[in-house]
Amino acid sequence: MDDRIHFVEHKGKQILLLDASQATAQQMLLLLEYAQIMVAKHARESLLVLADLTGSKIDRTVATRVKEVLALDRPFVKKTAWVGAENIPHALMDSFHSFSQREIVLFKTREEAMDWLVEE
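Small disclaimer: the values here were computed from a predicted structure and weren't measured.

What counts, and where the lines are drawn
Going along each chain's sequence as written, the residues are numbered from 1 onward. pLDDT decides what is reported in this predicted model: residues at 70 or higher carry local features, side-chain atom pairs at 80 or more are listed and counted, and totals for whole chains, interfaces and linings draw on all residues regardless. Water and hydrogen atoms were dropped before computing side-chain values, which therefore reflect all heavy atoms in the structure. Pairs of strands are assigned from DSSP output, requiring at least two bridges between the strands. Every helix listed is a DSSP run of H or I at least four residues long, and every strand listed is a run of E at least two residues long, numbered separately from the N terminus. Helix axes use the C-alpha atoms of the stretch in contact, all axes being lines fitted to C-alpha atoms, and the angles between their N-to-C directions lie in the range 0 to 180 degrees. Only heavy atoms matter for contacts: two residues are in contact if any of them lie within 4.5 Å across the pair. For every residue, the accessible area (1.4 Å probe, protein chains only) is compared with the maximum for its type, and the residue is labelled buried under 20%, exposed over 50%, or partly exposed between those bounds. We define a polar contact as two N or O atoms separated by no more than 3.5 Å, with the added condition that, inside protein, one atom must be a possible hydrogen donor and the other a possible acceptor, whereas residues neighbouring each other in sequence contribute only through side-chain atom pairs.

(A) Geometry of the sheet that holds strand S3 (residues 47-52). The five strands lie next to each other as S1-S2-S3-S4-S5, forming an open sheet whose pairing is mixed. Two strands in the sheet have a free side with no partner beyond their single neighbour: strand S1 (5-10) and strand S5 (105-107). Pairs of neighbouring strands in the sheet enclose a mean axial angle of 30 degrees, with direction left out of account. Direction of pairing for S3 relative to strand S4 (residues 77-83): parallel, over a ladder of six bridges. Within S4, the position partnered with leucine 50 by the bridge is alanine 81. Taken strand by strand, helix H1 (residues 25-39) contacts S1, strand S2 (13-19), S3 and S4, and its axis lies near 60 degrees from that of S1.

(B) Inspection of unusual backbone geometry at higher detail. In this structure, lysine 11 is a non-glycine residue whose phi angle is positive, near 50 degrees. Along the chain, lysine 11 turns up in the loop between S1 and S2. Exposure remark for lysine 11: the relative accessible area of 62% places this residue in the exposed category. Phi angles above zero are rare outside glycine, and glutamine 101 is one such case at about 55 degrees. Structurally, the position occupied by glutamine 101 is in the loop between helix H3 (90-100) and S5. Judged by relative accessible area, glutamine 101 falls into the exposed class, the value being 61%.

(C) Main features of the environment of glutamine 14. Tracing the sequence through the fold places glutamine 14 in strand S2. Other than its neighbours up to four places away in sequence, glutamine 14 contacts Phe7, Val8, Glu9 and Leu48. Side-chain polar atoms of glutamine 14 contact the side chain of glutamate 9, separated by 3.5 Å.

(D) How the structure looks around helix H4 (residues 110-118). Ala113, Met114, Trp116, Leu117 and Val118 are the residues of H4 that are buried. Along its buried surface, H4 packs onto S1, S2, S3, S4 and S5.

Here it is as structure tokens:
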């Protein structure tokens, strides 16, 4: 999983990259489990998180798990950005926002997302 979840440096700041691009539903579930464990090891409100969902498979089971992980990770995350979420239905994105009670900002590219994440 280290190839899919790792820190990248952008403008001198560390960003936790969750690369779920082209992931199957089963891979998504494993990735979410690993992400939850990894995030919980950090200080409260310390993480900048970028998730790349380009071409990933989000079925009902994955969507439920995404909501759970977003809610459980909330205390540790300062800012969250997603790329590749264009194909996620609007209603599902709304449920991610409301269930997690945190802002998830969508971007077209990783570069745009990382620029936003490191802004003060």
